[in-house]
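Below, each chain spelled out in residue letters.
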Amino acid sequence: MASPLLLAAFLGVLCGAALIPEPEVTVEVKHRPFLCKRKTKNGDLLLVHYTGTLGGTGTAFHSTYKDNNGQPVWFTLGIKEVIIGWDKGLQGMCIGEKRVLTVPPSLGYGKEGKGKIPPESTLVFDVELMEIRNGPRSHESFQDMDLNDDWKLSKEEVKVYLKKEFERHGTDVNDTHHDMLVEDIFDKEDEDSDGFISAREFTYQHDEL
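Per chain, the residues get numbers from 1 upward, laid out in the order the sequence is written. Only residues with pLDDT of 70 or above have their local features reported here, since the model is predicted, and side-chain atom pairs are shown and tallied only from 80 upward, although totals for entire chains, interfaces and linings are computed over all residues. For side-chain calculations, the full set of non-hydrogen atoms in the structure is used, while hydrogens and water are omitted.

**As for the pattern of salt bridges**
Oppositely charged side chains are able to pair whenever their charged atoms sit close together. Formally: For salt bridges, the criterion is a side-chain nitrogen of Lys or Arg within 4 Å of an Asp or Glu carboxyl oxygen. The numbering of helices and of strands both runs from the N terminus, where a helix is a DSSP run of H or I of at least 4 residues and a strand a run of E of at least 2. The buried label goes to any residue with under 20% of its type's maximum accessible area, the exposed label to any with over 50%, and the partly exposed label to all in between, with areas taken from a 1.4 Å probe on protein chains only.
Counted under the stated rule, the structure contains 8 salt bridges. Note that Arg32 and Glu97 form a salt bridge whose closest N and O atoms lie 3.4 Å from each other. In this pair, Arg32 sits in the loop between strand 1 (26–31) and strand 2 (45–54) while Glu97 sits in the loop between helix 3 (84–89) and strand 5 (98–103), placing the two residues 65 residues apart along the sequence. Put simply, Glu131 and Arg133 hold a salt bridge, and the shortest N to O gap is 3.0 Å. Relative accessible area serves as the criterion here: at 25%, Glu131 is assigned to the partly exposed category. Connected via shared salt-bridge partners are Arg32, Glu97 and Arg99.

**Observations concerning the side chain of Glu97**
Counted only if it meets this: Each polar contact in these results corresponds to two N or O atoms within 3.5 Å; when the atoms are within protein, one needs to be able to donate a hydrogen and the other to accept it, and residues that are neighboring in sequence are counted only if both atoms are side-chain atoms. The contact rule is simple, with two residues in contact once any of their heavy atoms fall within 4.5 Å.
Of the residues examined, Glu97 reaches a relative accessible area of 0% and is grouped as buried. There is a polar contact of 2.9 Å between the side chain of Glu97 and the backbone nitrogen of Cys94. Among the polar contacts listed, one links the side chain of Glu97 to the side chain of Arg99, at a separation of 2.7 Å. If near-sequence neighbours (up to four positions away) are discounted, Glu97 is found in contact with Val29, His31, Arg32, Pro33, Gly92, Val127, Glu128 and Leu129.

**Regarding the packing of aromatic side chains**
The geometry of an aromatic ring pair is captured by the separation of the ring centres together with the interplanar angle, meaning the angle of the planes. Selection criterion: Aromatic rings from Phe, Tyr and Trp, with only the six-membered ring used for Trp, were paired whenever their centres fell within 6.5 Å, and each pair was classed as stacked if the ring planes differed by under 30 degrees, edge-to-face if by over 60, and tilted otherwise. Geometrically, a charge over a ring is one whose NZ (Lys) or CZ (Arg) sits within 6 Å of the ring centre while staying within 35 degrees of the ring normal.
What the rule picks out here adds up to 5 aromatic pairs. Geometrically, the ring pair formed by Tyr50 and Trp86 is edge-to-face, given 4.9 Å between the ring centres and 90° between the ring planes. You can see Tyr50 sitting in strand 2 and its partner Trp86 sitting in helix 3, a full 36 residues away along the chain. Classification of Trp86 by relative accessible area gives buried; the value is 5%. Ring-pair connections join several aromatic residues into one group, and the members of that group are Tyr50, Phe61, Phe75, Trp86 and Phe125. In this arrangement the basic side chain of Lys152 is found over the ring face of Phe196, its NZ or CZ atom lying 4.3 Å from the centre. If you follow Lys155 out to its NZ or CZ, it ends over the ring of Phe186, 5.7 Å from the centre.

**So, the state of the cysteines**
Where we set the bar: Any pair of cysteine sulfurs within 2.5 Å is marked as a disulfide.
Applying the stated rule across the entire model yields 1 disulfide. The partner cysteine of Cys36 in its disulfide is Cys94, sulfur to sulfur 2.0 Å. Of note, the bridge from Cys36 to Cys94 carries an S-S torsion of about -100° and is left-handed in sense. Note that Cys36 is positioned in the loop between strand 1 and strand 2 and Cys94 in the loop between helix 3 and strand 5, a separation of 58 residues in sequence.

**Remarks on the nonpolar core**
Inclusion rule: Think of a nonpolar core as a cluster: buried Ala, Val, Leu, Ile, Met, Phe, Trp, Tyr and Cys residues, connected wherever their side-chain atoms sit within 4.5 Å.
In this structure, Val48, Trp86, Leu90, Val103 and Phe125 are the most contacted members of the largest nonpolar core, which totals 21 residues. Broken down by secondary-structure element, the contributors of at least two residues to this core are strand 2, strand 5 and strand 6 (123–133). Tallying contributions element by element places strand 6 first for this core, with 5 residues. Not counting the four nearest positions on each side in its chain, Val103 is found in contact with Val25, Ile83, Gly85, Gly108, Ser121, Thr122, Leu123 and Phe125. Formed by 16 residues, the second largest nonpolar core is a distinct cluster that contains Leu45, Leu162, Phe166 and Phe202.

**Quick look at helix 5 (residues 155–168)**
Put simply, the rule reads: Expected helix span is computed as 1.5 Å times (number of residues minus one).
Spanning 14 residues, helix 5 covers 20 Å between terminal C-alpha atoms, matching the ideal 20 Å at 1.5 Å per step. Within the span of helix 5, buried status applies to Glu157, Val158, Lys159, Tyr161, Leu162, Glu165 and Phe166. Packing partners of the buried residues in helix 5 comprise strand 2, strand 4 (73–76), helix 4 (142–145), strand 7 (152–153) and helix 6 (175–189).

Take a look at the structure:
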């Protein structure tokens, strides 16, 4: 039988571990527009400009202003298309808003690092939100995307939908960018790799449900 002292020590370790808070993203709002008609949520397609630097040294590892021909980038929020730190830190953001995200390693690139980012790096992102669109993963978009009503989405159907959304809002995005977006979506969502996204694969938990 374990001694009372050993049992107490073991319970103390468990309780201490339980009290250790999980790492969180630190969000600093630098600018927020007075009028905000729409805020970001999971499933939205976002267009952002950003500069990423290493915490501590301030060394820049990427900037859309310099490294992307001066062009902002599109991504879908909340589906792990980007690092977890972005999925968490860019929620509830307005068009024109500027934030500084400080992302701990566990919500960034962790023990592996990536490219110019060393392992276990804290990352600092200066982000400006340019646009919000209905994303290809929003629940209300499925029927609009499913052109032949077969309850599954082909790559062509997703591409057609994305093009129409961009054109409707006067945004110029080339075919290569569309193809990259579609491929990335299918890499993450086509779980059985059959070349289609089924209604089941498409569905995820919405904040508003």
